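Tertiary structure, described
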Amino acid sequence: MSDLKYTKSHEWVRDNGDGTFTVGITDHAQEQLGDLVFVETPEPGAQLNVGDACAVVESVKAASDVYAPVSGEVVTGNAALADTPELINQSAQEDGWLFTLKPADPAALTGLMSADEYAAYIALED
């Protein structure tokens with residue numbers, strides 16, 4: 001999706017246009033993990049710095065930390081994932097979002113990769 005920005009640790013970020021960002025893991029990341037069985041999202045009000053481990057996604061194969069792509073305050077977690085973590089497998093960049101945050105710096109997305117840059121990055125990884 002062209003409106004998303006990406007990190008090297010396979011998170012995506014969408015600017016919601018209302019002063020908040022939505023964060024999730026990429027489709028590539030969920031494919032690598034396999035069927036997700038558990039997701040833990042950060043608590044509302046949590047203060048995150050770039051690179052902080054802030055969420056956990058666990059599959060039948062492995063558990064993986066999710067890292068904060070930008071600094072800011074968590075607004076909400078995706079409560080639907082508690083009962084249906086497979087939403088990430090089904091729709092990683094839509095229904096399977098992890099949390100929203102109010103960024104400390106609204107220009108924080110400028111340092112992240114575009115969709116084309118991320119596609120080139122994962123091509124090098126494989």
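Residues numbered from 1 in each chain as written. Predicted model: local features only at pLDDT ≥ 70, side-chain atom pairs only at ≥ 80, totals over all residues. Heavy atoms only, no water.

1. Examining the overall build of the chain
Scanning the chain from terminus to terminus reveals 4 helices and 9 strands. Starting at the N terminus and ending at the C terminus, the chain contains elements arranged as β-β-β-α-β-β-β-β-β-α-α-β-α. Computed over its C-alpha atoms, the radius of gyration of the chain comes to 13 Å, within 12% of the 14 Å expected for a compact globule of 126 residues. In the chain, which comprises 126 residues, the share counted as buried stands at 44%. Contacts in the chain between residues far apart in sequence, at least 24 positions, make up 60% of those at least 6 positions apart. Placing the 5 positive and 22 negative side-chain charges of the chain at their respective mean positions leaves the two points 7 Å apart. (Helix = DSSP H or I, 4+ residues; strand = E, 2+ residues; numbered from the N terminus. Rg over C-alpha atoms; globule rule 2.2 N^0.38 Å. Buried < 20%, exposed > 50% of the residue type's maximum accessible area, 1.4 Å probe, protein only. Contact = heavy atoms within 4.5 Å. Lys, Arg positive; Asp, Glu negative; His and termini not counted. Charge placed at Lys NZ, Arg CZ, Asp CG, Glu CD.)

2. A look at the environment of Asp116
On the secondary structure map, Asp116 appears in helix α4 (residues 115-125). Among the residues examined, Asp116 registers a relative accessible area of 67% and is labelled exposed.

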